[in-house]
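As a plain string of letters, each chain reads:
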Amino acid sequence: MNKIPFSTRRNALLAEIGDGIAIIPTAPERVRNRDSHHPYRFDSYFWYLSGFPEPEAVIVLVGGKTPRSLLFCREKNEEREIWEGFRYGPEAAREAFGFDETFAFSAFDEKLPELLANRRSLWHALGHDATWDAKIVAALNTVRAQTRAGKRAPSQIHDLREPLDRMRLLKDEHERAIMRRAAVIASAGHSRAMQRCRPDQFEYELEAELGYEFRKRGAAGHAYSPIVAGGANACILHYVENNKRLDGQTLVLIDAGCELEAYASDITRTFPVNGTFSAVQRDVYEIVLAAQRAAIAAIKPGTPFISYHDAALRVLVRGMVDLKLLNGSIDGLIESEAYKPFYMHRTGHWLGLDVHDAGDYKSGAEGADWITLQPGMALTIEPGLYIRAGAGVPEHLHGIGIRIEDDAFVTSDGCEVYTHAPKTIAEIEDVMRRD
Ligand code: GLY
Ligand code: MN
Ligand code: MN
């Protein structure tokens with residue numbers, strides 16, 4: 001366990017909260033049915049500050065002249081450890097995760113009023129988890145009831161997400177290293193799916209190829225529900241059923257990424273089920289690829305977040321006119337949003353611990369300005385074209401859905417695309433020819 005990035009982040013947050021106190025709980029375990037649970041996934045804010053993997057844990061950061069970081073976690077329990085596995089327990093956790101003090105999680109409710117008393121401000125992600133909101137409000141009321149004993153509850157309550165999201169938006173070197181490794185695994189999964197794809201397979205067979213590669217290479221699994229969408233299913237943006245047979249005359253769109261050491265990768269590739277693009281598939285594919293190239297070229301520090309979307313959109317709309325999906329001037333079609341039936345999402349989002357990662361997109365007092373790109377930000381670049389059958393849509397284009405998605409870091413002079421699955425028509429056809 002590398003303690004350094006986590007304690008560095010805790011210290012950075014302590015510097016933000018002045019003499020306040022911050023409370024950052026992890027996620028609860030979730031029941032799937034009866035006594036079976038969903039695979040446990042800790043809270044991303046909690047992980048960002050601790051690297052501690054167990055449920056029933058909470059970080060408390062106590063600001064002031066001698067800042068302290070505390071962890072409350074489950075105690076050792078031989079009986080439970082026989083059934084469920086290893087628990088650090090407070091003592092080992094303090095050493096392994098670099099906290100100043102650690103306590104039993106069971107002591108938290110009683111200790112919280114004491115920790116809150118006479119602190120000017122409280123920092124918490126209110127609304128993130130109702131159980132924790134209620135716990136904290138109860139503790140505040142306990143302190144308020146002790147006014148005559150000279151105790152004061154914090155008079156200011158701040159949203160902890162504000163400083164934490166700002167921090168999470170800029171990936172440090174540890175995060176970038178993990179994200180690069182996640183991208184290698186995710187890219188290998190896409191290559192494998194291309195290589196193994198055969199007409200008449202089911203979509204879930206390709207999902208299995210990706211899952212195999214992710215787990216085989218040590219990732220936790222999928223970072224989000226994968227999309228394996230044959231033919232017109234690709235025009236359903238959140239298609240996750242993945243249970244239809246693949247028609248050899250169509251394309252298949254796969255949007256899948258692995259989670260490695262808590263970090264997501266997010267890649268989409270679209271390729272012909274039979275291994276060779278038809279002329280019309282090629283025409284549409286080259287438009288989306290050109291849109292992605294234009295977007296990549298537009299990503300530079302100092303530019304507004306939306307600029308790369310605008311760059312991709314212009315290429316896509318020109319392509320829609322060339323394909324006779326739309327008619328008119330490019331500027332007019334963008335202005336009127338006539339392109340929306342064929343391109344209805346934005347060209348990317350922040351990426352990190354969450355696939356749609358923390359961080360604002362707009363800033364300024366009125367929230368009117370797009371965030372300015374800065375070196376260290378991580379984002380996806382994912383233009384697409386989705387052509388459903390409909391009035392005025394040329395028949396030979398019906399049911400073609402294409403998205404190409406890669407992940408990038410903003411650098412000092414542009415961006416570094418760090419996902420490397422086969423992408424050009426030549427690369428895809430070449431991989432698909434190999435056995
Ligand atoms: N996989 C989710 C997305 O591309 O945004
Ligand atoms: Mn995606
Ligand atoms: Mn994405």
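The coordinates are above.
Just so it is clear, the structure is predicted and the values come from calculations on it, not from any experiment. (Residues numbered from 1 in each chain as written. Chains lettered and ligands numbered in written order. Predicted model: local features only at pLDDT ≥ 70, side-chain atom pairs only at ≥ 80, totals over all residues. Heavy atoms only, no water.)

*Asks:* Account for the site of ligand 1, with residues named and values stated.
*Replies:* Around ligand 1, the structure places Tyr224, Asp255, Asp266, His349, His356, Glu382 and Glu405. Within the side chain of Asp255, one N or O atom sits 3.2 Å away from a nitrogen atom of ligand 1. When the residues that make up the shell around ligand 1 are grouped by side-chain class, the tally is one nonpolar, two polar and four charged. (Near = heavy atom within 4 Å. Polar contact = N/O pair within 3.5 Å; in protein donor to acceptor, adjacent residues only side chain to side chain. Nonpolar A, V, L, I, M, F, W, Y, C, P; charged D, E, K, R; others polar.)

*Asks:* Break down helix H13 (residues 425-433) for me, citing the residues and quoting the values.
*Replies:* Of the residues making up H13, those classed as buried are Ile425, Ile428, Glu429, Val431 and Met432. On an axial view of H13, the arc spanned by its buried residues comes to 160 degrees, and they lie on one face. Across from the buried face of H13, at angles greater than 90 degrees, the exposed residues are Ala426 and Arg433. On its buried face, H13 is in contact with helix H8 (173-196), strand E14 (267-272) and helix H10 (279-298). (Buried < 20%, exposed > 50% of the residue type's maximum accessible area, 1.4 Å probe, protein only. Helix = DSSP H or I, 4+ residues; strand = E, 2+ residues; numbered from the N terminus. Arc of directions from axis to C-beta. Contact = heavy atoms within 4.5 Å.)

*Asks:* So what about the environment of Leu61? Which residues, and what values?
*Replies:* Positionally, Leu61 belongs in strand E4 (residues 58-62). With 44 residues separating them along the chain, Leu61 and Ile17 place their C-alpha atoms 8.9 Å apart. Leu61 has contacts with Arg10, Leu13, Leu14, Ile17, Gly20, Ile21, Ala22, Ile24, Arg68 and Ser69, leaving out every residue within four places of it along the chain.

*Asks:* Just give me the short version of the sheet that holds strand E12 (residues 258-260), but keep the residues and values in it.
*Replies:* Read from one edge to the other, the open sheet built from three strands follows the order E9-E12-E13, with strand pairing classed as antiparallel. The open sheet has two edge strands, strand E9 (221-222) and strand E13 (263-264), and neither has a second partner. H8 contacts E12 and E13 of the sheet and is inclined by roughly 145 degrees relative to E12. (Pairing = 2+ DSSP bridges. Axes fitted to C-alpha atoms, helices over the stretch in contact; angles between N-to-C directions.)

*Asks:* Please give an account of the coordination of the manganese ion (ligand 3) that cites residues and values.
*Replies:* Here the manganese ion (ligand 3) is held by the protein donor atoms Asp266 (OD), His349 (NE2), Glu382 (OE) and Glu405 (OE), which lie 2.0 to 2.2 Å from it. Separating the manganese ion (ligand 3) from the manganese ion (ligand 2) is a distance of 3.3 Å, and Asp266 supplies a donor atom to each of them. Remark: Glu382 occurs in the loop between strand E17 (378-381) and strand E18 (384-387) and Asp266 occurs in the loop between E13 and E14; sequence separation between them is 116 residues. The residues Asp266 and Glu382 share a single accessibility class, namely buried. (Donors = N, O, S within 2.8 Å, 3.2 Å for Na, K, Ca; no water.)

*Asks:* Kindly report on the packing of H8 against helix H9 (residues 203-216), identifying the contributing residues and their values.
*Replies:* The geometry of H8 relative to H9 is characterised by a closest axis approach of 8 Å and an angle of 145 degrees between their N-to-C directions. For the pair H8 and H9, the sense of crossing is right-handed. Residues Ile185, Ala186, Ala188, Gly189, His190, Arg192, Ala193 and Arg196 of H8 form the contact with H9, whose participating residues are Leu206, Glu209, Leu210, Tyr212, Glu213 and Phe214. The class makeup of the residues in the contact of H8 with H9 is eight nonpolar, two polar and four charged. (Left-handed = near helix turned anticlockwise from the far one by under 90°.)

*Asks:* Can you break down the pattern of salt bridges residue by residue, with the values?
*Replies:* Considering all chains together, one arrives at 31 salt bridges under this definition. Of the charged contacts, one joins Arg180 and Glu416 as a salt bridge, the two residues approaching to 2.8 Å between their closest N and O atoms. With Arg180 in helix H8 and Glu416 in strand E21 (residues 415-417), this pair connects stretches of sequence that are 236 residues apart. Among the ionic pairs, Arg192 bridges to Glu213, the shortest N-O distance being 3.4 Å. With Arg192 in helix H8 and Glu213 in helix H9, this residue pair connects regions lying 21 residues apart in the sequence. Pair check on accessibility: Arg192 and Glu213 agree, each one buried. A network of salt bridges, in which partner residues are shared, links Arg168, Lys171, Asp354 and Asp357. (Salt bridge = Lys/Arg side-chain N within 4 Å of Asp/Glu carboxyl O.)

*Asks:* Requested: an account of unusual backbone geometry, with residues and values cited.
*Replies:* For residues besides glycine, phi is generally negative; the peptide bonds are generally trans as well. Of note in the backbone geometry, Arg34 takes a positive phi value of approximately 40 degrees without being a glycine. Its identity is not glycine, yet Asn118 carries a phi of approximately 65 degrees, on the positive side. Checked against the element boundaries, Asn118 lands in the loop between helix H5 (108-116) and strand E7 (121-124). Judged by its relative accessible area of 51%, Asn118 is exposed.

*Asks:* Kindly report on the packing of H8 against H13, identifying the contributing residues and their values.
*Replies:* Running from amino to carboxyl end, H8 crosses H13 at an angle of 60 degrees, the nearest separation of the two axes being 7 Å. As for how H8 packs across H13, the hand of that crossing is right-handed. From H8, Ser191, Met194 and Gln195 reach across to H13, where they touch Ile428, Val431 and Met432.

*Asks:* Residue-level account of the sheet that holds E21, with values.
*Replies:* Judged by pairing direction, the sheet is antiparallel, and its three strands sit side by side in the order E17-E20-E21 without closing on themselves. Two strands bound the open sheet, and with one partner strand each, they are E17 and E21. Averaged over all pairs of adjacent strands, the angle between their axes in this sheet comes to 35 degrees, without regard to strand direction. Note: strand E20 (residues 406-410) against E21, three bridges, orientation antiparallel. Across the sheet, the residue bridging to Phe409 is Glu416, located in E21. Here H10 sits on the sheet in contact with E17, E20 and E21, set at roughly 155 degrees to E17.

*Asks:* Lay out the packing of aromatic side chains in plain terms, naming residues and giving numbers.
*Replies:* Tallied over the entire structure, the rule returns 19 aromatic pairs. When the centroid spacing of 4.9 Å and the interplanar angle of 80 degrees are considered together, the rings of Tyr88 and Phe97 count as edge-to-face. Residue classification places Tyr88 among the partly exposed residues on the basis of a relative accessible area of 23%. Among the residues examined, Phe97 registers a relative accessible area of 1% and is labelled buried. Cluster of aromatic residues (ring-pair linked, three or more members): Phe46, Phe52, Phe86, Tyr88 and Phe97. The lysine or arginine in question, Arg9, covers the ring of Tyr48, its NZ or CZ lying 4.6 Å from the ring centre. Its end group placed over the ring of Tyr45, Arg168 keeps NZ or CZ at 4.8 Å from the ring centre. (Phe/Tyr/Trp six-rings, centres within 6.5 Å; stacked < 30°, edge-to-face > 60°. Lys NZ or Arg CZ within 6 Å of the ring centre and 35° of its normal.)

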